[in-house]
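Residues per chain are reported as follows:
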Amino acid sequence: MNRRLIASLILPALSLPAAAATFEFTGTARADNGDTLYQEIHAVDGTCEQGTFEPRSHSVEYRKPAADEPFATKTLEYPNSALRPVVTFVQPDFNERMEIRYPSTGELTIDWQTPSGDTESFEVPLEENLVVDAGFDHFVRQNWKAVQAGESVEFRFLGPTRGEHYGFVLEPASSDRIDADNVVQIRPTSLVLRMLVDPIMLGYNDRGALTDYLGLTNIRRNADENYTAHIQYQVDQYPDCELTP
């Protein structure tokens, strides 16, 4: 086989764009007494890159039980990193809106319209291991093999209403409230913060899909506090490639 023929076979394959893929799942948030608080309807568009799903955009609708229209929405875009999405979150019942943007390579900005009617803005320096919002889900998958091997992975997690990020660790865990193939937790590394913030418990199935979230949510119970809930997820559509590397 001559070189020209080899090139004619290989080069078209190398130039093909990554295949588009869609990942859809639904979450049901419940209070400690079992009452349903709301549902989350997730649709993630992405591509299959070397056999692994990479997100590009993600939309979430939050709906009360039996409601057809959402009471809150969130959109996320992943132009540069699966760990640090561009975020727009709107919760009209409380006149709340939050936007997270990346105007430069070295910082992110937060613009927050608070339930009290005030507007707060922050400029936060970026760090390589910073995780923002739903980026935690992709962070777990990126470190899938390490966590399954029993290792702990430290990172920084953005507290958007505080305008700064904090040290956290992802590690294997166990919970009698989560029935999943894999259970992990995200907890602060600071002893002081650990006294104030409970760990977030997460369940995943063997394919790398989130099945459970147990902890503080981004949905408001009232103007001063958010719901703490157990959110159980069901996959409606897997992408045509693996979720974990």
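Conventions we followed
- Residues numbered from 1 in each chain as written.
- Predicted model: local features only at pLDDT ≥ 70, side-chain atom pairs only at ≥ 80, totals over all residues.
- Heavy atoms only, no water.
- Helix = DSSP H or I, 4+ residues; strand = E, 2+ residues; numbered from the N terminus.
- Rg over C-alpha atoms; globule rule 2.2 N^0.38 Å.
- Buried < 20%, exposed > 50% of the residue type's maximum accessible area, 1.4 Å probe, protein only.
- Lys, Arg positive; Asp, Glu negative; His and termini not counted.
- Charge placed at Lys NZ, Arg CZ, Asp CG, Glu CD.
- Core = buried A, V, L, I, M, F, W, Y, C linked by side-chain atoms within 4.5 Å.
- Contact = heavy atoms within 4.5 Å.
- Pairing = 2+ DSSP bridges.

**Section: the overall build of the protein chain**
When helices and strands are counted, the protein chain shows four helices and 15 strands. Its C-alpha atoms give the protein chain a radius of gyration of 20 Å, within 12% of the compact-globule value 18 Å for 245 residues. By principal-axis analysis of the C-alpha atoms, the protein chain measures approximately 70 × 45 × 40 Å. Going through the 245 residues of the protein chain one by one, you find that 44% of them count as buried. The positive charge centre, built from 20 side chains, and the negative charge centre, built from 38, are 4 Å apart in the protein chain.

**Considerations on helix H2 (residues 135-142)**
Within H2, seven of the eight residues are buried, leaving the element largely enclosed by the surrounding structure. Three or more residues of H2 are buried, namely Gly135, Phe136, Asp137, His138, Phe139, Val140 and Arg141.

**Section: the nonpolar core**
Tyr38 and Leu202 are the most contacted members of the largest nonpolar core, which has 57 residues in total. Sequence-distant contacts of leucine 202, defined by excluding residues within four places in its chain, comprise Phe136, Val140, Ile178, Asn182, Val183, Val184, Ile186, Leu210, Asp212 and Tyr213.

**Some details on the pairing of strand E4 (residues 72-77)**
Judged by which residues are buried, E4 turns out to be one-sided: Ala72, Lys74 and Leu76 face inward and are buried, whereas Thr73, Thr75 and Glu77, on the alternate face, are not. Bridge count between strand E3 (residues 52-63) and E4: six bridges; the pairing is antiparallel. Within the sheet, the bridge partner assigned to tyrosine 62 lies in E4 and is alanine 72. Inspection of the sheet shows E4 paired to strand E5 (residues 86-91) by five bridges, in the antiparallel sense. Bridged to threonine 75 within E5 is threonine 88.

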